[in-house]
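# Structural description and commentary
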Amino acid sequence: MWQQLEAEPGQEVLEVGTETGYSTALGAHRLGDDRVTSVEYDPVVGRAAASALKAAGYAPRLVVGDGLRGDPHASAGTYDRLIATCSVRYVPMAWLHQVKPGGKILVTLSGWSYASGLALLTVTGPGSATGRFLSGYTSFMIARPHDRPPRPTLALLPGEERTSLVDPAVIGTWTGSWVAQLAAPAAERMGAGAEQILWDVSTGSQARTLPGPDGAWTVVQRGPVRLWDPVEAAVRLWQAAGEPHQEGFGITVSAARQRVWIGTEDGPGWDLPV
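Here the residue numbering is sequential within each chain, running from 1 through the sequence in written order. Totals for whole chains, interfaces and linings use every residue, but because this is a predicted model, local features are given only for residues with pLDDT of at least 70 and side-chain atom pairs only at 80 or more, for both listing and counting. No hydrogens and no water enter the side-chain calculation; it runs on all heavy atoms of the structure.

### A look at the overall build of the protein
Runs of E in the DSSP output that reach at least two residues are strands. Runs of H or I that reach at least four are helices, and both are numbered from the N terminus. Each helix and strand counted, the protein has five helices and 15 strands in total. Atoms counted for the radius of gyration: C-alpha only. Globule rule: 2.2 Å times the number of residues to the power 0.38. The C-alpha atoms of the protein give 20 Å as radius of gyration, which agrees with the globular expectation for 274 residues (19 Å, within 12%). Pairs of residues are marked as contacts when any of their non-hydrogen atoms sit within 4.5 Å. Pairs at least 24 apart in sequence give 58% of the contacts found in the protein among residues at least 6 apart. Reported accessibility uses the Shrake-Rupley method at a 1.4 Å probe radius. Residues are deemed covered only where the shown protein chains occlude them. Carbon and sulfur atoms provide 55% of the accessible area of the protein, an area that totals close to 12200 Å². Within the protein, one finds 22 positive and 27 negative side-chain charges whose respective centroids are separated by 4 Å. We count Lys and Arg on the positive side and Asp and Glu on the negative side, and we leave His and both chain ends out. One atom stands in for each charge, and that atom is NZ of Lys, CZ of Arg, CG of Asp or CD of Glu.

What follows is the structure, given as structure tokens:
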């Protein structure tokens, strides 16, 4: 990931998520201790990482705090690069102010269905950025403040039935699950193959699919939000675009909205749950 970040000698880099210290050590080795600051949310993990880094001969600046707020001691435009070793549901606004215009942010976008896409963004101004998703299959643990809320045991209940217009198994694939998550960001996905389940804990809404007669698929939806409808529409748009991998997607971020799109900025897209 440090190569994907495109960090160059002399640049200041903020890492969000020290974790074991391994990635931090790579950055310090590549750029020098004085060029790397790493923020860790968990103080116990932070202390262990500090010990490991010291034993390995590295001494970057380490901070314990909420990395989603960036470096608590930094001013606007302090950093040339930011790399996140956790995933987030949307790009924190603090990052877009602490990274200077022209700087880059490498972050994995994820969600409550745990589908992921690794994006490299260029900051275009305070609070704004644009970028593309990269090839590959990168995933990280989601940042704790962005993780789904606690939920009770799921009880599948009756609801309105209809025929699904897409094969439910597609949302079990790497990019299909990503598209479904973009379309229904408040839902958690479970199941496999033709038997998929979407559950929105906040509204109690649920959707589940079942194999139907003659090779068709039945979807059962219940609650105030018809979860399958936007997922189905998004999958059809993605299929019409040729089913590109995440590298066929881009992202535009501003203070007003964060939007992921297919192909070009004016292509089909979905707002992230800011």
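Back to the text.
### Some words on helix 2 (residues 43–55)
In a regular helix each residue adds 1.5 Å, so 13 residues correspond to 18 Å; helix 2 covers 18 Å between its end C-alpha atoms and thus fits that length. Within the sequence span of helix 2, burial applies to Gly 46, Ala 49 and Leu 53. Taken around the axis of helix 2, the buried residues stretch over an arc of 65°, which confines them to a single face. Within helix 2, the exposed residues directed more than 90 degrees away from the buried face are Val 44, Arg 47, Lys 54 and Ala 55. Where helix 2 is buried, its residues contact helix 1 (22–31), strand 2 (36–40) and strand 3 (61–64). If you check the start of helix 2, you find a side-chain oxygen 2.9 Å away from the backbone N of Val 44, and it comes from Asp 42. What a helix is expected to span follows from its residue count: subtract one and scale by 1.5 Å. Relative accessible area decides the class of each residue, using a 1.4 Å probe on protein chains only: under 20% of the type maximum gives buried, over 50% gives exposed, and in between gives partly exposed. The directions considered for the arc are those from the helix axis to the C-beta atoms. Any pair of N or O atoms that falls within 3.5 Å is considered a polar contact. Within protein, one atom must be able to donate a hydrogen and the other to accept it, and sequence-neighbouring residues count only if both atoms are side-chain atoms.

### Overview of the sheet that holds strand 15 (residues 269–271)
If you walk across this open sheet you meet the ten strands as 3-2-1-4-5-6-7-13-14-15, and the pairing is mixed. For this open sheet the edge positions go to strand 3 and strand 15, each flanked by a neighbour on one side alone. Strand-to-strand twist of the sheet, defined as the mean angle between neighbouring strand axes without regard to direction, takes the value 20°. For two strands to count as paired, DSSP must find a minimum of two bridges between them. Pairing between strand 1 (residues 13–16) and strand 4 (residues 79–88): four bridges, direction parallel. Along strand 4, the bridge assignment pairs Glu 15 with Ile 83. Every axis in this analysis is a line fitted to C-alpha atoms, fitted for helices over the stretch in contact. Angles between the N-to-C directions lie between 0 and 180 degrees.

### A closer look at the nonpolar core
Nonpolar side chains in soluble globular proteins tend to end up buried together. Here the nonpolar core consists of buried residues drawn from Ala, Val, Leu, Ile, Met, Phe, Trp, Tyr and Cys, with membership extended through side-chain atoms lying within 4.5 Å. Among the nonpolar cores identified, the biggest contains 50 residues, and Trp 95, Ile 105, Leu 121, Trp 178, Val 231, Phe 249 and Ile 251 are the most heavily contacted of them. The contact partners of Phe 249, leaving out residues within four places of it in the chain, are Arg 132, Phe 133, Thr 175, Trp 178, Val 179, Leu 182, Trp 238, Pro 244, Val 260, Trp 261, Ile 262 and Trp 270.

### Brief notes about the pattern of salt bridges
The term salt bridge refers to a side-chain nitrogen of Lys or Arg lying within 4 Å of a carboxyl oxygen of Asp or Glu. Per the stated rule, a full pass over the model turns up twelve salt bridges. Of the charged contacts in the structure, one is a salt bridge between Asp 66 and Arg 69, with a shortest N-O distance of 3.8 Å. Here Arg 69 falls in the exposed class, since its relative accessible area comes to 63%. Within this structure, Arg 148, Arg 151 and Glu 188 form a network of salt bridges that share partners.

### Some details on the pairing of strand 1
The two faces of strand 1 match: Val 13 and Glu 15 on one face and Leu 14 and Val 16 on the other face are all buried. Two elements, strand 1 and strand 2, share four bridges in a ladder whose sense is parallel. Each bridged residue has a counterpart across the sheet, and for Val 13 the counterpart in strand 2 is Val 36. Seen with the strands pointing away from the viewer, any crossover whose path from the first strand over the helix to the second strand runs clockwise is right-handed. Once the chain exits strand 1 it traverses helix 1 before rejoining the sheet at strand 2, and the crossover so formed is right-handed.

### Observations regarding the environment of Thr 218
Mapped onto the elements of the fold, Thr 218 is located in strand 12 (residues 217–222). Remark: the alpha-carbon pair of Thr 218 and Pro 168, spanning 50 residues in sequence, is separated by 9.3 Å. Here Thr 218 is in contact with Glu 161, Arg 162, Arg 208, Thr 209, Leu 210 and Gly 212, once residues within four sequence places are set aside.

### Quick word on helix 1
When we look at burial in helix 1, the residues that qualify are Ser 23, Thr 24, Ala 25, Gly 27, Ala 28 and Leu 31. Where helix 1 is buried, its residues contact strand 1, strand 2, helix 2, strand 3 and strand 4.

### With respect to the environment of Thr 20
Positionally, Thr 20 belongs in the loop between strand 1 and helix 1. A relative accessible area of 59% means that Thr 20 is categorised as exposed. Residues contacting Thr 20, with those up to four places away along its chain left out, are Ala 49 and Ala 52. Looking at Thr 20, its side chain comes within polar contact range of the main-chain nitrogen of Tyr 22, at 3.3 Å.

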